[in-house]
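Structure at a glance
In case you want the letters, here they are:
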Amino acid sequence: MIEVESLYFKYPLANDYVLKNISLKIGLGEVVGIMGGNGSGKTTLIKHFNGLLKPTKGFVKVFGKDTRKESVAYFSKKVGLVFQNPGHQIFSDTVWNEVAFALKNFGFEEEIINKRVKWALEFFNLIQYKDMSPLLLSGGEKKRLCLASVLAWNPDFIILDEPTVGQDFLQKEKLIEIIKMLVTQNKTVIVVSHDVEFIWLLQPRLILISNGIIVKDGDCRSVFKDDSVLEKCGITKPQLVELYEELYPLIERPPVDIVEARSMMLKLLRGLK
Amino acid sequence: MFWLAEGLVYRRQESIIHSLDPRVKLIISLSLFLLSLFSSTIFEFIILLSAIFLLGVLSKVLRRMIKTITFSLTFVIMIFAINLLVGYDLIFSIIISLRFIAIISSSSIFFLTSSPDELDLVMRSLHLPYDLIFAFVTAVRFVPVILLDAVQIIDSQRSRGLEIEKGNIFKRIRNYIPVLIPLIVQSIIRSEELAEAMESRAYGFSKKRTSYYTLHFKRKDYFVLCLNLTLVVLFILLIHLFHL
Ligand SMILES: Nc1ncnc2c1ncn2[C@@H]1O[C@H](COP(=O)(O)OP(=O)(O)OP(=O)(O)O)[C@@H](O)[C@H]1O
Ligand SMILES: [Mg+2]
């Protein structure tokens, strides 16, 4: 459980608040999308969830504990952050050690480390590279490696900053599968993204941020109905929502993915015949 | 980490000093720098440091100048301690430390008040080879970028349970490996990208470079230059009188 209460945040030496009066609660087993224009404060917000940044005013509590009271390592064990740029974390001599790094920091036993690293590498189809230098992987593979290195320690919250940048279609589909699987294990996945189509396929609870203020927080279907707020945040609608609005009232709700859209269309066409 | 960048890096600002010709700013900085090198009494350093701080106030960079000094305080203390340990007396150790502070803060005047573009123009007016100028200016320009990288790398590794400040001194040094390697790799990647981007824009194609901006002394530049010269001469005369 992450609780944010009247959070204000200002970077040291800056004049203006980057986050203003943010309050929200995120429980376990949720998928949460965070969207907003460049510089609206998304990355700044998620850095509060494991205590990397501390509120200037207000508080953030993770499982009831104020983030000011414990170390970043303490909270990171429960809240795993995957940053946008793999270049900012990859440093080990081998792919295996890259994944093992965090587990060693958190003080897991040797045997458990080996088991978890093997699992994570197999899960992300990276096991064949285990003795290779991670710097030799392709961009998309590096991104997957970062994800693997966080999932390996099994945190309750997984936060992904722009996970789809530079990923091919197949990897995006796979990512959606992984996120859905994690949720069935009662984990919470928070995704920061500019990719509306990707967000729509996740069908998350969607939080919109503009200029450091939460302007909308609700399930994605209702959020994508609110034209004025979408415009304010500079967000376009997913194509499937556009399709639904075009055809309304012939279909009763926007299809959640292409498979459902197809069956809706077929049904519609049969009805017309 | 960020306060470190604040103390070193140029930021667009307006003040009497900022608006001077960069060559004048360089000469002011340089005169103070040279005077600090050759000064040898506490009294001289009091005058020099007052002048430096006065310039800091006039150019509105005093706060950041003080940050640079606080950052270098570790070195100052080291220099002071080593001098004492080696057997020099207290006064001499204090003078050496003051000299170090004066050198640092006088050179920071130029870098805090002149943009990389101005630095480029100054170096060109000295007729240095352009490749050298380019390398130097790019290095200066990239300091804030690299510091920003460093902050993000530290955030990434802390999120993976790295506790930099934990352990004995050897452990602490080792803790920096996960920060330094990505930092170096990123810098190499960036310089390669820069080189490619420059070549695709025909860097080095024409032998004769022209410049969009050119430097011209204005009346206030001449005035400040004369003032600077007068004060330097006065200072040297004064010191010699005192020594008499
Ligand atoms: N370390 C920092 N120091 C000072 N200001 C910062 C720092 N990091 C970010 N900012 C500023 O805070 C604001 C919010 O930045 P943030 O990175 O949170 O935006 P974002 O929503 O993640 O944007 P993007 O979509 O581009 O990733 C921006 O105006 C940025 O310039
Ligand atoms: Mg961001």
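Let us look at the structure shown here. (Residues numbered from 1 in each chain as written. Chains lettered and ligands numbered in written order. Predicted model: local features only at pLDDT ≥ 70, side-chain atom pairs only at ≥ 80, totals over all residues. Heavy atoms only, no water.)

So, the interface of chain A and chain B
- Taken together, the 24 residues of chain A in the interface contact 22 residues of chain B.
- In total, about 2,000 Å² of surface goes out of reach between chain A and chain B, with carbon and sulfur atoms giving 58% of it.
- In this structure, the connection of chain A to chain B is made through two salt bridges.
- Along the contact surface separating chain A from chain B lie eight residue pairs in polar contact (both at pLDDT 80 or more).
- Looking at the side of chain A that touches chain B, the elements that each hand over two or more residues are α2 (72-76) and α3 (95-105) of chain A. (Contact = heavy atoms within 4.5 Å. Buried area = accessible area lost by both parts, 1.4 Å probe. Salt bridge = Lys/Arg side-chain N within 4 Å of Asp/Glu carboxyl O. Polar contact = N/O pair within 3.5 Å; in protein donor to acceptor, adjacent residues only side chain to side chain. Helix = DSSP H or I, 4+ residues; strand = E, 2+ residues; numbered from the N terminus.)

Overview of the sheet that holds strand β5 (residues 65-66) of chain A
- Read across the open sheet, the four strands follow the order β2-β1-β4-β5 (chain A); overall the sheet is antiparallel. Two strands lie at the open edges of the sheet, namely β2 (19-26) and β5 of chain A, each paired on one side alone. (Pairing = 2+ DSSP bridges.)

What about empty space enclosed by the protein?
Residue and element names in this part refer to chain A.
- Overall, the coordinates contain two cavities of 30 Å³ or more when judged by the stated rule.
- Size it by volume and the largest cavity reaches roughly 160 Å³.
- Lys143, Leu147, Pro163, Gln167 and Leu175 are the residues nearest the centre of the largest cavity, which is lined by 16 residues in total.
- No other element matches helix α6 (residues 169-184), which puts five residues into the lining of the largest cavity.
- Grouping the amino acids of the lining of the largest cavity by side-chain chemistry returns eight nonpolar, two polar and six charged.
- Lining the second largest cavity we find Arg221, Phe224, Lys225, Val241, Tyr244, Glu245 and Pro254.
- The element that contributes the greatest number of residues to the lining of the second largest cavity is helix α10 (residues 239-247), accounting for three residues.
- Looking at the lining of the second largest cavity, its residues break down into four nonpolar, no polar and three charged.
- No fewer than three residues from each of domain 1 (2-234) and domain 2 (238-273) sit in the lining of the second largest cavity. (1 Å grid on protein atoms, 1.4 Å probe; cavity = no way out; pocket = protein on both sides within 12 Å on 5 of 7 lines; lining within 4 Å. Points joined across faces, edges and corners; volume = space filled by probe spheres on them. Nonpolar A, V, L, I, M, F, W, Y, C, P; charged D, E, K, R; others polar. Domains from an automatic or database assignment.)

Some points on the site of ligand 1
- Ligand 1 sits among twelve residues. The nearest are Asn38, Gly39, Lys42, Thr43 and Thr44 of chain A.
- More than one chain reaches ligand 1: the nearby residues come from chains A and B.
- Contact distances for ligand 1 include 2.8 Å between an oxygen atom and a side-chain N or O atom of Asn38 of chain A.
- Contact distances for ligand 1 include 2.9 Å between an oxygen atom and a side-chain N or O atom of His194 of chain A.
- Taking 640 Å² as the accessible area of ligand 1 by itself, protein coverage stands at 64%.
- For the shell around ligand 1, the element with the highest residue contribution is helix α1 (residues 42-46) of chain A, accounting for three residues.
- For the shell around ligand 1, a count of residues per class yields three nonpolar, eight polar and one charged. (Near = heavy atom within 4 Å. Areas by Shrake-Rupley, 256 points an atom, 1.4 Å probe, with all protein chains shown as cover.)

Honestly, it's all geometry; don't read function into it.
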